[in-house]
Amino acid sequence: MKDLIQIINSFQELDLDTELAIRKSFVEETFKKGELLVEETKICDKIYFVKSGAIRRFCIEDGEEVTKWIYTDNQFVTSMSSFFEQKPSFENFQTCEETIVYSLSYSDEQALLEYPLFVKFHIKQLRYYLSKINEFNHLFRLMTAEKKYLFLLESFPQIIKKAKLKHVASLIGVSQETLSRIRASII
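Read on for a plain summary of the structure. On a predicted model such as this, the values are computed, not experimentally measured, just so you know.

1. Looking at the overall build of the protein
Secondary structure assignment for the protein yields 9 helices and 8 strands. The C-alpha radius of gyration computed for the protein amounts to 17 Å, which stays within 12% of the reference 16 Å derived for 187 residues, consistent with globular compactness. For the protein, the spread of C-alpha atoms along the three principal axes comes to 55 × 30 × 30 Å. Residues classed as buried in the protein amount to 42% of the 187 residues present. Put simply, 68% of the contacts in the protein that link residues at least 6 apart link residues at least 24 apart. Total accessible area computed for the protein in this model is approximately 10,400 Å², and 51% of it derives from carbon and sulfur atoms.

In structure tokens, the structure reads:
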């Protein structure tokens, strides 16, 4: 729980009451490799904070799994539109390895929104993530496959370390064979 509180405090310094409410609301859960945390067509009712492990976000496009992102330690994970609007998810979230998370249910999140410092954290965190998503999508769209791989290697080495080769290939939009050639040319 210490890591979670540290991350929250990095966005917004908490008072004791808010910290205690957060500690009571988040629940530690362990998932085996390959378990789904969020399923397409089902309503996502939790936000997760990855204590350790990895979670892959993917969609089914033309019958194929397309990896959209891989979350690792100390990241928040949820199907945003499904969780915030309480509507069915269009995406799946699956563990890549045994993963320990702190989960926050939708009802507990609503209760935490009664704490002004949690609201400030929530707003700052959402603004930060939305900004990073926007920037990432713009930059990633313009990069070659090799530059995408180098970007991940430099900025998100945990993804390269924890994810299957086929999932990294899907994330950067190439075949496994092409990714193998890219990796060979870099070494």
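Picking up where we left off.
2. Things to note about the environment of lysine 51
Checked against the element boundaries, lysine 51 lands in strand β3 (residues 46-52). At 3.5 Å, the side chain of lysine 51 forms a polar contact with the side chain of glutamate 28.

3. Some words on the nonpolar core
In this structure, Leu4, Ile22, Leu152, Ile159 and Val168 are the most contacted members of the largest nonpolar core, which totals 47 residues. Among the elements that line this core, the one with the most residues is helix α5 (residues 116-142), at 5 residues. The residues touching isoleucine 22, leaving out its near neighbours within four places in the chain, are Leu4, Ile5, Ile8, Leu14, Leu112 and Phe118.

4. Section: the pairing of β3
Summarising the sheet, β3 and strand β8 (residues 99-105) pair through 6 bridges and their orientation is antiparallel. By the bridge assignment, isoleucine 47 is partnered in β8 with leucine 104. Inspection of the sheet shows β3 paired to strand β6 (residues 76-77) by 2 bridges, in the antiparallel sense. Bridging from a neighbouring strand, phenylalanine 49 pairs with phenylalanine 76 of β6.

5. Observations regarding the sheet that holds strand β1 (residues 27-31)
The 4 strands are arranged β1-β8-β3-β6 in an open sheet whose pairing can be described as antiparallel. At either margin of the open sheet sits one strand with a lone partner, and together these are β1 and β6.

6. Notes on the packing of helix α6 (residues 145-155) against helix α9 (residues 176-186)
For the pair α6 and α9, the least separation of the axes is 10 Å and the interaxial angle reads 65°. By the angle class used here, α6 and α9 are roughly perpendicular. Seen from above, α6 lies across α9 with right-handed handedness. Mapping the contact onto sequence places Ala145, Glu146, Tyr149 and Leu150 in α6 and Leu179, Ile182, Arg183, Ser185 and Ile186 in α9.

Rules of the game
- Residues numbered from 1 in each chain as written.
- Predicted model: local features only at pLDDT ≥ 70, side-chain atom pairs only at ≥ 80, totals over all residues.
- Heavy atoms only, no water.
- Helix = DSSP H or I, 4+ residues; strand = E, 2+ residues; numbered from the N terminus.
- Rg over C-alpha atoms; globule rule 2.2 N^0.38 Å.
- Buried < 20%, exposed > 50% of the residue type's maximum accessible area, 1.4 Å probe, protein only.
- Contact = heavy atoms within 4.5 Å.
- Areas by Shrake-Rupley, 256 points an atom, 1.4 Å probe, with all protein chains shown as cover.
- Polar contact = N/O pair within 3.5 Å; in protein donor to acceptor, adjacent residues only side chain to side chain.
- Core = buried A, V, L, I, M, F, W, Y, C linked by side-chain atoms within 4.5 Å.
- Pairing = 2+ DSSP bridges.
- Axes fitted to C-alpha atoms, helices over the stretch in contact; angles between N-to-C directions.
- Parallel < 35°, antiparallel > 145°, perpendicular 65-115°, else oblique.
- Left-handed = near helix turned anticlockwise from the far one by under 90°.

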